[in-house]
Amino acid sequence: MEAILTAMIMMLAVGGLLGALLGIAGVLFYVKPDERVEKVLAMLPGYNCGACGYPGCAGLADALVEGKVTKVSACKPSSAQQRVDIANYLVETPGPDGKVLPVVPQ
Ligand code: SF4
């Protein structure tokens, strides 16, 4: 009986310690997300068809905001107006580093 109690106390202590370490690491290593990704994602068609070469619209939104893709026309089903809106948004909205992206509609 004493062995089971000792094991339970050890498990609680280890679990509590690891939980506290994860909590501290979460605070120390928190990376603020770039708000532009959500905005661009909302402006894309949302079909998640993969025609852009990414598994879904979130992938292209990430790539546009990271500067890996500079033409919004990579999204094949997007309308001309959507492409212009996204390009205008990205050339006018600076990121966390204060820089804007050289994104074009076509
Ligand atoms: S091509 Fe456009 S609609 Fe299709 S997954 Fe890519 S961003 Fe989404």
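How each quantity is defined
- Residues numbered from 1 in each chain as written.
- Predicted model: local features only at pLDDT ≥ 70, side-chain atom pairs only at ≥ 80, totals over all residues.
- Near = placed C-beta within 6 Å.
- Nonpolar A, V, L, I, M, F, W, Y, C, P; charged D, E, K, R; others polar.
- Buried ≥ 20, exposed ≤ 12 C-beta atoms within 10 Å, placed from the backbone.
- Helix = DSSP H or I, 4+ residues; strand = E, 2+ residues; numbered from the N terminus.
- Arc of directions from axis to C-beta.
- Contact = placed C-beta atoms within 7 Å.

1. A word on the site of the ligand
Near the ligand you find 16 residues, and of these Tyr47, Cys49, Cys52, Cys57 and Cys75 are the closest. Its residues assigned to classes, the shell around the ligand shows 11 nonpolar, 4 polar and 1 charged.

2. Concerning helix H3 (residues 57-66)
Along H3, the residues that are buried comprise Cys57, Leu60, Ala61, Leu64 and Val65. Looking straight down H3, one finds its buried side chains confined to an arc of 130°; they lie on one side. At its buried positions, H3 is contacted by helix H2 (35-43) and helix H4 (80-92). Looking one or two residues past H3, Gly67 carries a phi angle of roughly 85°, positive in sign.

3. Quick notes on unusual backbone geometry
The phi dihedral of Asn48 is positive, around 50°, even though this residue is not glycine. Relative to the assigned elements, Asn48 resides in the loop between H2 and H3. Take Asn48: there are 14 C-beta atoms within 10 Å of it, and that puts it in the partly exposed class.

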